[in-house]
Amino acid sequence: MNRIKNKHFETLAIRTQTEQTDQKEHSTPLFLTSSFTFDSTEEGAALFDGEKEGNLYARFSNPNTDEFINKLNLLEGTEAGIATASGMAAVFGSIFPNVKSGDHIIASRAIFGNSINVITQILPNYGIDYTLVDVDDNQAWKEAVKENTKFLFVETPSNPTLKIADLAFLGNLCKQYNIIYGVDNCFATPYLQQPIEYGADLIIHSATKYIDGQGRVLGGAILGKKQYIDVCYNFLRRTGASLSPFNAWVLSKSLETLAIRMDRHCSNAEVLYNYLESNDEVKQVIFPHGKNHPQYKLAKEQMKQGGGLVGCELKGGTKRGARFLNALKLHSLTANLGDTRSIATHPASTTHVKLSKEEQLEVGITPGFIRFSLGLEHIDDIIADIKQALAVSK
Ligand SMILES: Cc1ncc(COP(=O)(O)O)c(C=O)c1O
């Protein structure tokens, strides 16, 4: 692996590359092969035994997934990692192999709907208990710790209401009680925030979002301390939720432009926040670096920029919200985020539909809540689309 150490984020993202082959290609080729050959039975045995390092089967490793993970490790400042087939494979694959029957998990209530379902509906079938906590209530986090607490899971900013977890406080809590500290860093990306600095043991990504950045492929990654990654790796290589070489190739290429894309996502989001903030039609607007965010100070400390998402509630309730969404012409109505294309999502009926109405309200998902994922189109066109949809939907 051709790694250039001690360089800036952008340079690492571009110049961390699989060793050049005899063809002298400039850009990493796609290694579309399910297995790798051995020079002898002895070499095959040594590879299987772990005596010798190298590729043997694509469920275990592949030059494209290695490049993707090596690059992410440099960007997150972590020592080890594993690529997964999707973000959910990373969420499940980080928690499940690190806990056992009789253990207890503490998680923020404000996490992606499907991650909540894993913790509250799947893991209990294996004897793993849980407590959900309001992410901004430090006393509640402390009180949730039990003797058998093994894992703490948090997402910051959270999907979709952009709540902020106090990463340093939770890092200290986990250290004090010897709890494995998992942080879903999907919304911030390593460009805006590096949870390892706050003592995270495992950092989880849905690469489907900003890492791909163009709405093409599913993927995920778990990064962090080697002792925990080894456990995840053994679980995932056996159970098979590996990232495909093609998706790894796409995602590694995408990382080359992550910094420049994030700069634009974030600046577009800031302009939209300011526009909505001063608009009479808007009841509430949420943006981590917005002055009215309840955790504004914390978000400023933890995140280099405010991220590419803005949440809002329009005056006029659910019906007005629906009319507004239907009137959008440029924005896509879809459940993904972090794309070059601006997206408007209605979490109550899509990404978080599996939560009960009460559970939705507990994390701030009101029936009329809209999540904007700012794309890379010209900001004037984005604002013009929102302006016309506000007018039409009155
Ligand atoms: C914060 C967060 N984590 C994990 C996931 C799951 O990722 P994937 O859809 O790639 O499985 C999502 C998906 O929306 C997400 O928003």
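Everything numeric in this text was worked out from a predicted model, so none of it was measured.

Thresholds, definitions, all that
- Residues numbered from 1 in each chain as written.
- Predicted model: local features only at pLDDT ≥ 70, side-chain atom pairs only at ≥ 80, totals over all residues.
- Helix = DSSP H or I, 4+ residues; strand = E, 2+ residues; numbered from the N terminus.
- Core = buried A, V, L, I, M, F, W, Y, C linked by C-beta atoms within 7 Å.
- Buried ≥ 20, exposed ≤ 12 C-beta atoms within 10 Å, placed from the backbone.
- Domains from an automatic or database assignment.
- Contact = placed C-beta atoms within 7 Å.
- Pairing = 2+ DSSP bridges.
- Axes fitted to C-alpha atoms, helices over the stretch in contact; angles between N-to-C directions.
- Near = placed C-beta within 6 Å.
- Expected span 1.5 Å × (residues − 1).
- Arc of directions from axis to C-beta.
- Left-handed = near helix turned anticlockwise from the far one by under 90°.
- Nonpolar A, V, L, I, M, F, W, Y, C, P; charged D, E, K, R; others polar.

Brief notes about the environment of Ser278
Among the secondary structure elements, Ser278 is positioned in the loop between helix H11 (258-277) and strand S8 (282-286). Separated by 69 residues in sequence, Ser278 and Pro347 have C-alpha atoms that sit 24 Å apart.

Considerations on the nonpolar core
With 107 residues, the main nonpolar core has Ile105, Leu170, Ile222 and Val310 as its most contacted residues. In terms of residue count, the dominant contributor to this core is H11 (eight residues). Looking at which domains feed residues into this core, each of domain 1 (9-30 + 61-255) and domain 2 (259-392) supplies at least three. Sequence-distant contacts of Ile105, that is, excluding residues within four places in its chain, are made with Ile95, Val99, Ile119, Leu123, Ile128, Tyr130, Lys150, Phe151 and Phe153.

Quick word on the sheet that holds strand S3 (residues 129-133)
Working definition: the strands of a sheet are paired by backbone hydrogen bonds and lie parallel or antiparallel to each other. Sheet architecture is open: seven strands sit in the order S1-S7-S6-S5-S4-S2-S3, paired in mixed fashion. Where the open sheet ends on each side, the last strands, each with one partner, are strand S1 (80-84) and S3. Strand-to-strand, the axes of this sheet are offset by a mean angle of 20°, without reference to chain direction. Where strand S4 (residues 149-155) meets strand S5 (residues 180-184), five bridges bridge the pair, whose relative direction is parallel. Each residue of the ladder has a partner; that of Glu155, found in S5, is Asp184. In the packing of helix H4 (residues 87-95) onto the sheet, the strands contacted are S1, strand S2 (104-108), S4, S5, strand S6 (202-206) and strand S7 (220-224), and the crossing angle to S6 comes to about 160°. Against the sheet, helix H9 (residues 226-239) engages S1, S5, S6 and S7, with an angle of about 30° to S1.

What to know about unusual backbone geometry
In this structure, Pro157 follows Thr156 across a cis peptide bond, with omega equal to -5°. Tracing the sequence through the fold places Pro157 in the loop between S4 and helix H7 (167-177). With an omega dihedral of 0°, the bond running from Asn159 to Pro160 counts as a cis peptide bond. Along the chain, Pro160 turns up in the loop between S4 and H7. Despite not being glycine, Leu162 has its phi angle at roughly 60°, a positive value. Residue Thr189 is not a glycine yet carries a positive backbone phi of 65°.

Some points on the pairing of S6
Across the five residues of S6, five count as buried, placing the element largely inside the fold. Burial along S6 is two-sided: Leu202, Ile204 and Ser206 and Ile203 and His205, pointing in opposite directions, are all buried. Sheet topology places S6 next to S7; five bridges connect them, and they run antiparallel. Of the residues in S7, the one forming a bridge with Ser206 is Gly220.

Some points on the site of the ligand
The ligand sits among 15 residues. The nearest are Ser86, Gly87, Met88, Ser206 and Thr208. A per-element tally of the shell around the ligand places H4 first, with three residues.

Observations regarding the sheet that holds strand S11 (residues 343-345)
The five strands are arranged S8-S9-S12-S11-S10 in an open sheet whose pairing can be described as mixed. For this open sheet the edge positions go to S8 and strand S10 (332-333), each flanked by a neighbour on one side alone. The pairing of S10 with S11 spans two bridges and is parallel. Looking across to S11, one finds that Leu333 is bridged to Ala344.

Concerning the domain arrangement of the protein
It is common to give the size of an interface as the accessible area that goes away when the parts come together. Assigned domains of the protein: these are domain 1 (9-30 + 61-255) and domain 2 (259-392). Its C-alpha centre places domain 1 at a distance of 24 Å from the equivalent point of domain 2. Listed by partner, the interface residues are 28 residues for domain 1 and 33 residues for domain 2. For the side of domain 1 that touches domain 2, the secondary-structure elements that each account for two or more residues are helix H1 (9-15), helix H5 (113-122) and helix H8 (189-192).

What about H9?
A rise of 1.5 Å per residue sets the reference length of H9, with its 14 residues, at 20 Å; its end C-alpha atoms lie 19 Å apart and thus fit the reference within 8%. If you check which residues of H9 are buried, you get Tyr228, Ile229, Cys232 and Leu236. One side of H9 carries all its buried residues, which in axial view fall inside an arc of 95°. Those residues of H9 that are exposed and aimed more than 90 degrees away from the buried face are Lys226, Gln227, Asn234 and Arg238.

Description of the packing of helix H3 (residues 63-76) against helix H10 (residues 245-255)
When two helices pack together, their arrangement is captured by the angle between the axes and the distance separating the axes. The N-to-C vectors of H3 and H10 enclose an angle of 35°; their axes lie 8 Å apart at closest approach. Relative to H10, the crossing made by H3 is left-handed. Judged by residue contacts, Asn64, Thr65, Glu67, Phe68 and Lys71 of H3 engage Pro245, Ala248, Trp249, Leu251, Ser252 and Leu255 from H10. Across the contact of H3 with H10, the residue classes tally to six nonpolar, three polar and two charged.

Let's talk about the environment of Ser61
Here Ser61 shows up in the loop between helix H2 (41-49) and H3. The exposure class assigned to Ser61 is buried, which follows from the 20 C-beta atoms found within 10 Å.

Focus on the environment of Lys24
Residue placement: Lys24 occurs in the loop between H1 and H2. Classification of Lys24 by C-beta neighbours within 10 Å gives exposed; the count is 6. Considered as a pair, Lys24 and Thr120 are 96 residues apart in the sequence and their alpha carbons are 51 Å apart.

Quick look at the pairing of S7
Burial analysis of S7 places five of its five residues in the buried class, which makes it a mostly covered element. Alternating residues of S7 divide into Gly220, Ile222 and Gly224 and Ala221 and Leu223, and every residue in both groups is buried. Bridge count between S1 and S7: five bridges; the pairing is antiparallel. What sits directly across from Ile82, in S7, is Ile222.

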